[in-house]
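# Remarks on the overall topology
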Amino acid sequence: MQTSPTRLVPGPVARLASATVHEGGALDRSASPYRAAEAIDSQGYSWPSIGTKSRKEETDAEREARLEKMSGAIKTLLECVGEDPEREGVQKTPLRYAKAMMFFTQGYETNLRTIINDAVFEEDHDEMVIVKNIDIFSLCEHHLVPFVGKISIGYIPNKRVLGLSKLARIAEMFSRRLQVQERLTKQIATALQDILQPVGVAVTMEASHMCMVMRGVQKPGSSTVTSCMLGAFREDPKTREEFLRKYLQTLRRMVKAKKATSEAKQTHKK
Ligand SMILES: [Zn+2]
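As annotated in an unreviewed UniProt entry, the protein chain carries the name GTP cyclohydrolase 1 and comes from Geranomyces variabilis. UniProt, in the comment section headed Function (unreviewed entry), describes the protein chain in these words: "GTP cyclohydrolase 1 is the first enzyme in the biosynthetic pathway leading to folic acid." Per UniProt, the protein chain carries the Sequence similarities (unreviewed entry) text "Belongs to the GTP cyclohydrolase I family."

Encoded structure:
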């Protein structure tokens, strides 16, 4: 529970640029897969891509032009699959798709600093905090088709906690980009590490990839599990086990509930 939270002034992220070495040496960025880059760079972007800056700073007219360019590409795509782009049903699809694509990738424009603003609190709490089963909708960068699943985030605070809803916002921010599941998992963990400098961070993700499911490479229902453990979760097997046990408990409960529902349906059919 967060009682009488104290707002950290000035903005907590201002100090993050120098988050390479942690107080007391309890944490080591060498355990981080992103030690070469900070979660928030000097310009305020989080792992920007080549067009991030121009996308974030464009004018309305420039955005219109961008959508038009994208629409042209989708029209070509329709032609190439053998469709008639002038057919009523798909006539507006190019612009619709362009707008949808901008939404699916809006995480490029989201600023981590804005998300966590006013939500980092000093709190004398050092027990594991876990937010489980955050729904994730992302796009696989290899096929531009969705992968969907759930993320669970755990951390052990080091006198700083983050508003719980912000964990989901961070997960959403990085998932609304072109991704691979492994990188998505790592970016969420590393961002949290930089923001809170906690004793440890653990992120696990289970997702179903449409590029595998729809193309029949794997059976529908198959899923991919990734995890990223930093700090105590990486170094201390007991801490890691505690997290995984709590995480697995939920998974088991979910499987049980699913089984019960399908059994109930079966009985109902009889
Ligand atoms: Zn793919």
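Glancing now at the overall build of the protein chain. Scanning the protein chain from N- to C-terminus turns up 10 helices and eight strands. Residue burial in the protein chain is summarised as follows: out of 270 residues, 29% are buried. When contacts within the protein chain are restricted to residue pairs at least 6 apart in sequence, those whose partners lie at least 24 apart make up 74%.

Not every positive phi belongs to a glycine, and Leu144 is a case in point at roughly 55°. Among the structural elements, Leu144 can be located in the loop between β3 (129–140) and β4 (146–156). The class for Leu144 is exposed, based on 12 C-beta atoms found within 10 Å. For Lys159, which is not glycine, the phi dihedral falls at a positive 70°. One can find Lys159 in the loop between β4 and β5 (160–162).

Now for the pairing of strand β7 (residues 200–209). As a general feature of sheets, a regular strand has side chains that alternate between the two faces. The element β7 is largely enclosed, with a buried count of eight among its 10 residues. Direction of pairing for β4 relative to β7: antiparallel, over a ladder of 10 bridges. When the bridges of β7 are listed, Gly154 appears paired with Ala202. Bridge analysis of β7 against strand β8 (residues 224–231) gives eight bridges, and the strand direction is antiparallel. Note on β8: the bridge partner recorded for Ala207 is Thr224.

Axis separation between helix α2 (residues 60–80) and helix α4 (residues 93–104) bottoms out at 8 Å; the angle between their running directions is 120°. When the axes of α2 and α4 are compared, the pair comes out oblique. For α2 against α4, the interelement crossing comes out right-handed. Across from Leu67, Met70, Ser71, Ile74, Lys75 and Leu78 in α2, the residues of α4 making contact are Thr93, Pro94, Leu95, Tyr97, Ala98, Lys99 and Met101.

Another point: the confidence of the model for the protein chain. Chain-level pLDDT for the protein chain is 83 on average; 81% of the residues reach the 70-or-more range. Note that residues 1–32 has pLDDT below 50 and, in this model, 39 contacts with residues that lie over four places away or in other chains.

Our next topic: α2. The first and last C-alpha atoms of α2 sit 30 Å apart over 21 residues, in line with the 30 Å expected at 1.5 Å per residue. Burial within α2 is sparse, with just zero of its 21 residues counted as buried. Residue Gly82 follows α2 closely and has a positive phi angle near 95°.

Our next topic: the nonpolar core. One finds Ile170, Ala171, Ile188, Leu192 and Val203 to be the most contacted residues of the largest nonpolar core, which totals 41 residues. Sequence-distant contacts of Val203, that is, excluding residues within four places in its chain, are made with Ile151, Ile153, Thr185, Ile188, Ala189, Ser227 and Cys228.

Before going further, it helps to examine the sheet that holds β8. Strands sit in the order β6-β3-β4-β7-β8 across an open sheet of five strands; the sheet is mixed. Strand pairing shows two members of the sheet lacking a second neighbour, β6 (178–179) and β8, which therefore form its edges. Docked against the sheet, helix α6 (residues 164–175) engages β3, β4 and β6, running at close to 20° with respect to β3.

What counts and how
Residues numbered from 1 in each chain as written. Predicted model: local features only at pLDDT ≥ 70, side-chain atom pairs only at ≥ 80, totals over all residues. UniProt positions renumbered as here; feature names shortened; annotations may be inferred. Helix = DSSP H or I, 4+ residues; strand = E, 2+ residues; numbered from the N terminus. Buried ≥ 20, exposed ≤ 12 C-beta atoms within 10 Å, placed from the backbone. Contact = placed C-beta atoms within 7 Å. Pairing = 2+ DSSP bridges. Axes fitted to C-alpha atoms, helices over the stretch in contact; angles between N-to-C directions. Parallel < 35°, antiparallel > 145°, perpendicular 65-115°, else oblique. Left-handed = near helix turned anticlockwise from the far one by under 90°. pLDDT = per-residue confidence, 0-100. Expected span 1.5 Å × (residues − 1). Core = buried A, V, L, I, M, F, W, Y, C linked by C-beta atoms within 7 Å.

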